[in-house]
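Here is how the chains run, residue by residue.
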Amino acid sequence: MVQEFRENPFLLDKPQAYRAWRARKLDTYPKTIAELIVEVADLAHPTPAERSAIVSVCRRANMAIFRSAAGAGDKSAIRAFGQAFGLVRLDANLYADDDGITALQVSDVERKRDFIPYTNQRLNWHTDGYYNTPDRQIRGLVMFCARDALEGGENHLLDHEIAYILLRDAEPRFIEALMHPQAMTIPANCEQGVEIRAAETGPVFAIEPGTGNLHMRYSARTRNIEWRNDPMTLAAVEFLQNLWEAGCDYVYHYRLMPGEGIICNNVLHNRTAFRDDPASGKKRLMYRARYFDRIAATNFSDVCSAPNLP
Ligand SMILES: [Fe+2]
């Protein structure tokens, strides 16, 4: 490992380490979505070559798009696929089916209809599980498209490490503000006067103890998010909002087709609105698996010690 990478670049007081890591990150960040796509013949049993191609892309962009034969993705295959990348500890959320993998589609069930993921509306920029408790943070994510919509339902994706770079380059105090333990509060979730989830307060950016990885919890929703009321936090939030509105070259746009999916270290993403046509079988169905694990061999230290990255 070269000298600069012995220090954690995400710490504000290590500018040299940051400069070295930043240069390498931007240098190796895939320029086109095509570089993210890896064909996987059998989803449940990725070969060593397929695995290594996916890990290599994830080391550069914290995400990869995998493409298998349409119809190949039942839940057990998705679970086995995740396991091949060290994604094991599933987060069973409120509506996850018993096996911890959630089928996302437009729902007629009244309770689910209140949640945007179960509608055809656009989903704002976020990382998954931003309302989770600190001990249940989501580090890995697999989304698989079983059926696509008639139109719409595109994902926009941005490596959260790139978001960190854009913020820090604009104003290092943005990072300081977003690392504050009270930066972002998600108010309690109440249904009919009963609290079903307590309020969650925590940082946007955190450096994970042990691994030194950068973790991000974030939502661009304007309702139901309370930002710490200090000028630098609010300016950082505004910076991100402007970024979403203006767009940037680092953001990937992709509309998953049946048989395709995204595996990632819980990068920033959104979803455009979509329209189903059940009569013709065009009814969007996505499977989503959220993990407490990060993709194996994509730790910050693995990336920085790999000598032969493209
Ligand atoms: Fe999500």
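Above this text sits the structure in question.
Everything in this summary refers to the structure shown in the same document. (Residues numbered from 1 in each chain as written. Predicted model: local features only at pLDDT ≥ 70, side-chain atom pairs only at ≥ 80, totals over all residues.)

1. What about the overall build of the protein?
Here's step 1: Helix and strand counts for the protein come out as eight helices and 19 strands.
Here's step 2: Against the compact-globule benchmark of 19 Å for 310 residues, the protein has a radius of gyration of 19 Å, which places it among compact chains.
Here's step 3: Structurally, the protein occupies a C-alpha span of about 60 × 50 × 35 Å along its principal axes.
Here's step 4: Looking at the 310 residues of the protein, the share that counts as buried comes to 35%.
Here's step 5: Here the analysis covers contacts within the protein between residues at least 6 apart in sequence; of these, 77% occur between residues at least 24 apart. (Helix = DSSP H or I, 4+ residues; strand = E, 2+ residues; numbered from the N terminus. Rg over C-alpha atoms; globule rule 2.2 N^0.38 Å. Buried ≥ 20, exposed ≤ 12 C-beta atoms within 10 Å, placed from the backbone. Contact = placed C-beta atoms within 7 Å.)

2. Side note on the sheet that holds strand S16 (residues 260-264)
Here's step 1: Read across the open sheet, the six strands follow the order S1-S2-S16-S5-S19-S3; overall the sheet is mixed. Edge positions in the sheet fall to strand S1 (37-39) and strand S3 (101-104), since each has one partner strand and no second. Each adjacent strand pair in this sheet contributes to an overall mean axis angle of 20 degrees, direction not counted.
Here's step 2: Summarising the sheet, strand S5 (residues 140-147) and strand S19 (residues 285-291) pair through seven bridges and their orientation is antiparallel. Across the sheet, residue Leu-141 finds its bridge partner in S19, namely Arg-290.
Here's step 3: Sitting on the sheet, helix H2 (residues 48-61) touches S1, strand S2 (63-67) and S16, and the angle it makes with S2 is about 145 degrees.
Here's step 4: Sheet strands in contact with helix H3 (residues 75-83) are S3, S5 and S19, and its direction is about 35 degrees off that of S19. (Pairing = 2+ DSSP bridges. Axes fitted to C-alpha atoms, helices over the stretch in contact; angles between N-to-C directions.)

3. Considering the environment of Thr-272
Here's step 1: On the secondary structure map, Thr-272 appears in the loop between strand S17 (268-271) and strand S18 (274-275).
Here's step 2: Between the C-alpha atom of Thr-272 and that of Asn-120, which follows or precedes it by 152 residues, the distance is 8.6 Å.
Here's step 3: Ignoring any residue separated from it by four or fewer positions in sequence, one finds Thr-272 in contact with Arg-122, Gly-152, Gly-153 and Glu-154.

4. Observations regarding the pairing of strand S7 (residues 155-158)
Here's step 1: Looking at chain direction, S7 and strand S15 (residues 252-254) are connected through three bridges and run antiparallel. Looking at the pairing, His-156 lines up with His-253 of S15.

5. Observations regarding helix H7 (residues 231-246)
In an α-helix there are 3.6 residues to a turn, and that puts residues three or four apart on one side.
Here's step 1: Its 16 residues place the ends of H7 22 Å apart at the C-alpha level, agreeing with the 22 Å of an ideal helix rising 1.5 Å per residue.
Here's step 2: Among the residues of H7, Thr-233, Ala-236, Val-237 and Leu-243 are the ones counted as buried. Burial along H7 is one-sided: seen end-on, the buried residues are contained in an arc of 115 degrees. Those residues of H7 that are exposed and angled more than 90 degrees off the buried face are Pro-231, Glu-238, Asn-242, Glu-245 and Ala-246.
Here's step 3: Positive backbone phi, approximately 75 degrees, marks Gly-247, located one or two places after H7. (Expected span 1.5 Å × (residues − 1). Arc of directions from axis to C-beta.)

6. Structural notes on the nonpolar core
Here's step 1: Within the largest apolar cluster, 62 residues are counted, with the highest numbers of intra-cluster contacts made by Met-63, Ala-64, Val-142 and Ile-263.
Here's step 2: Looking at this core, the element that brings in the most residues is S5, giving six residues.
Here's step 3: Counting five residues, the second-largest nonpolar core is a separate cluster that includes Tyr-18, Phe-300, Val-303 and Cys-304. (Core = buried A, V, L, I, M, F, W, Y, C linked by C-beta atoms within 7 Å.)

7. Thoughts on unusual backbone geometry
Here's step 1: Even without being glycine, Asn-224 reaches a positive phi, approximately 65 degrees.
Here's step 2: With respect to the helices, strands and loops of the structure, Asn-224 is situated in the loop between strand S13 (214-216) and strand S14 (226-227).
Here's step 3: Even without a glycine there, the phi angle at Asn-266 is positive, about 45 degrees.
Here's step 4: Locating Asn-266 in the fold gives a position in the loop between S16 and S17.

8. Concerning the sheet that holds S14
Here's step 1: Pairing is antiparallel across the open sheet formed by three strands, whose spatial order is S11-S8-S14. The open sheet has two edge strands, strand S11 (200-202) and S14, and neither has a second partner.
Here's step 2: In terms of strand pairing, strand S8 (residues 184-186) meets S11 through three bridges, oriented antiparallel. Residue pairing across strands places Met-184 opposite Gly-202, the latter belonging to S11.

9. Focus on helix H5 (residues 160-170)
Here's step 1: Most of H5 is tucked away, with eight of its 11 residues classed as buried.
Here's step 2: Taken as a whole, H5 has its buried residues at His-160, Glu-161, Ile-162, Ala-163, Tyr-164, Ile-165, Leu-167 and Arg-168.

10. Some words on the environment of Asn-242
Here's step 1: Of note, Asn-242 is situated in helix H7.
Here's step 2: When the 9 C-beta atoms within 10 Å are taken as the criterion, Asn-242 is described as exposed.
Here's step 3: For the pair Asn-242 and Val-106, spaced 136 residues apart in sequence, the C-alpha to C-alpha distance is 30 Å.

11. Re the environment of Arg-67
Here's step 1: With respect to the secondary-structure elements, Arg-67 resides in strand S2.
Here's step 2: Separated by 25 residues in the primary sequence, Arg-67 and Asp-42 have C-alpha atoms spaced 9.7 Å apart.
Here's step 3: Those residues in contact with Arg-67, other than ones at most four positions away along the chain, are Ile-37, Glu-39, Val-40, Gly-259 and Glu-260.

12. Section: the pairing of S19
Here's step 1: The element S19 is largely enclosed, with a buried count of five among its seven residues.
Here's step 2: Summarising the sheet, S3 and S19 pair through four bridges and their orientation is antiparallel. Bridging from a neighbouring strand, Ala-103 pairs with Tyr-287 of S19.

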